[in-house]
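Breakdown of the fold
Residues per chain are reported as follows:
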Amino acid sequence: MRSTTVLPGTPGLPPPAGDVPLHRLEVAGPAAVPFAAGTFEAVGPLSRWDRPHRHTFYEIVHVSAGSGTHVVDLARWPVRPPHLAVVLPGQVHHWEGGRGPEGTLVLFTDDFLVDHPRDRQILRRLGRQCWFALDAEHDRSVGRLMAELVTEHRQRAPGHESVLRSLLHVLLVRAARLPGRTGDGREPESGGRPAAVAEAFTRLLARPEAAGWSVRECAGRLGVTPGYLTQAVRTATGRPPGRLLIEARAYQAQRLLAHTQLSVRQVAARTGFADPAYFSRFFRRETGSSPGDFRKHHSRPHQSLEAPSARA
């Protein structure tokens, strides 16, 4: 996503007509580290925004108090603290009803992960589950790490960037061990260039505009041939990239139907379909529901606002 960070006071980009706002991370200057940490109050009112929106950055939330619901894409998570939540760039989320939430947030862009690039893989796995209930021991452990991140970010002592990256790495590794996750929480072994290409392809799929791309277009953006991309993705995931693109297209359509007021024709165009009738057949085949029925059961009215930035 372009312009993942902005300077203080930069006006928000208005979203395309009918689309959800895109929040960018506000940093102190061009050379500032793309990272922020603090309480909901310190980060600002957007941290509790009750209208669907997307980020250009990752958000990790330690919820210590409050009630209501945290909506992430098509999932609704009841707020029953303590929890840990992980929201990935491009996911549509908002807080709904109840009181609060209260707690601590950590915000950072993909560029912040230079010291531990494989943390992207952990984040992607965490983002698939998104919401983690914490027992007393894990709540204390997460709370200590979040407090250290907030202190390092606030004090900005010499060497604070490397400390922040190290603390974040520890937080992610420990989050991957939390009970209730699928898988064993271990980082996958490195597989050289094919694994790197497959990882880059997965990051492409997270971009909303990728919904209309072909395997050939994705391969061109990654600087490889379609055949090489297919082989790399099959080796890493056991599935062809074409199938993953189809699922990403269907999921983006579900996001737009659930969280925007775009017409079915507009959703079809946003996901790469010139013919709304063909889009409807595609959507029914992939989801088992027509676009209209899906919207009826998943959408909620929300006021459309311009896209502000999250303060660092």
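Everything that follows concerns the structure shown earlier in this document.
Residues numbered from 1 in each chain as written. Predicted model: local features only at pLDDT ≥ 70, side-chain atom pairs only at ≥ 80, totals over all residues. Heavy atoms only, no water.

Once that is clear, we can look at the pairing of strand β8 (residues 83-87). Burial within β8 is extensive, with five of its five residues counted as buried. Alternating residues of β8 divide into His 83, Ala 85 and Val 87 and Leu 84 and Val 86, and every residue in both groups is buried. Both strand β5 (residues 58-65) and β8 contribute to a ladder of five bridges, which runs antiparallel. What sits directly across from Glu 59, in β8, is Val 87. With three bridges joining them, β8 and strand β11 (residues 131-133) adopt antiparallel strand pairing. Note that in β11 the partner of Leu 84 across the bridge is Phe 132. (Buried < 20%, exposed > 50% of the residue type's maximum accessible area, 1.4 Å probe, protein only. Helix = DSSP H or I, 4+ residues; strand = E, 2+ residues; numbered from the N terminus. Pairing = 2+ DSSP bridges.)

Okay, the sheet that holds strand β7 (residues 75-78) next. Paired through backbone hydrogen bonds, the strands of a sheet run either parallel or antiparallel to each other. Strand order in the open sheet formed by three strands is β7-β6-β9, with antiparallel pairing between adjacent strands. Both edges of this open sheet fall to β7 and β9 (93-96), since each of them pairs with a single strand only. Neighbour-to-neighbour, the strand axes of this sheet turn through a mean angle of 20°, independent of strand direction. Across four bridges, strand β6 (residues 69-72) lies against β7 in antiparallel orientation. By the bridge assignment for β7, His 70 is matched with Trp 77. (Axes fitted to C-alpha atoms, helices over the stretch in contact; angles between N-to-C directions.)

With 30 residues, the main nonpolar core has Phe 35, Ile 60, Val 106, Phe 108, Leu 123 and Leu 168 as its most contacted residues. Of all elements in the fold, only β3 (35-39), β5, β8, β10 (102-108), α2 (119-129), α3 (136-155) and α4 (160-176) reach the threshold of two or more residues within this core. A total of seven residues in this core trace back to one element, the largest contributor, which is α4. Beyond its immediate stretch of four places on either side in the chain, Leu 123 contacts Tyr 58, Ile 60, Val 86, Leu 88, Phe 108, Leu 113 and Leu 172. (Core = buried A, V, L, I, M, F, W, Y, C linked by side-chain atoms within 4.5 Å. Contact = heavy atoms within 4.5 Å.)

Glancing now at α2. Counting buried residues along α2, nine of its eleven residues qualify, which places the element largely inside the surrounding structure. Looking at α2, one finds that the buried residues are Asp 119, Arg 120, Gln 121, Ile 122, Leu 123, Arg 125, Leu 126, Gly 127 and Gln 129. Positive backbone phi, approximately 75°, marks Cys 130, located one or two places after α2.

Turning to helix α10 (residues 276-287), a few remarks are in order. For the α-helix, the turn length of 3.6 residues means that residues three or four positions removed from each other point alike. For α10, which comprises twelve residues, the first-to-last C-alpha distance of 16 Å matches the rise-based estimate of 16 Å (1.5 Å per residue) to within 8%. Listed as buried for α10 are Pro 276, Phe 279, Phe 282 and Phe 283. Considered in projection along α10, the buried side chains sweep an arc of 115° and stay on one side of the axis. Of the exposed residues in α10, the ones pointing more than 90 degrees away from its buried face are Arg 281 and Arg 285. The secondary structure elements touched by the buried residues of α10 are α8 (241-259), α9 (264-270) and α11 (291-298). The N-terminus of α10 is capped by Asp 275, whose side-chain oxygen sits 3.0 Å from the backbone nitrogen of Ala 277. (Expected span 1.5 Å × (residues − 1). Arc of directions from axis to C-beta. Polar contact = N/O pair within 3.5 Å; in protein donor to acceptor, adjacent residues only side chain to side chain.)

A word on the environment of His 83. In this structure, His 83 sits in strand β8. For His 83, a relative accessible area of 5% puts it in the buried group. For His 83 and Leu 167, which are 84 residues apart along the polypeptide, the C-alpha to C-alpha distance reads 19 Å. Setting aside its immediate chain neighbours within four residues, His 83 contacts Val 61, His 62, Val 63, Pro 78, Trp 131, Phe 132, Ala 133 and Leu 134. A distance of 3.3 Å separates a polar atom in the side chain of His 83 from a polar atom in the side chain of Trp 131.

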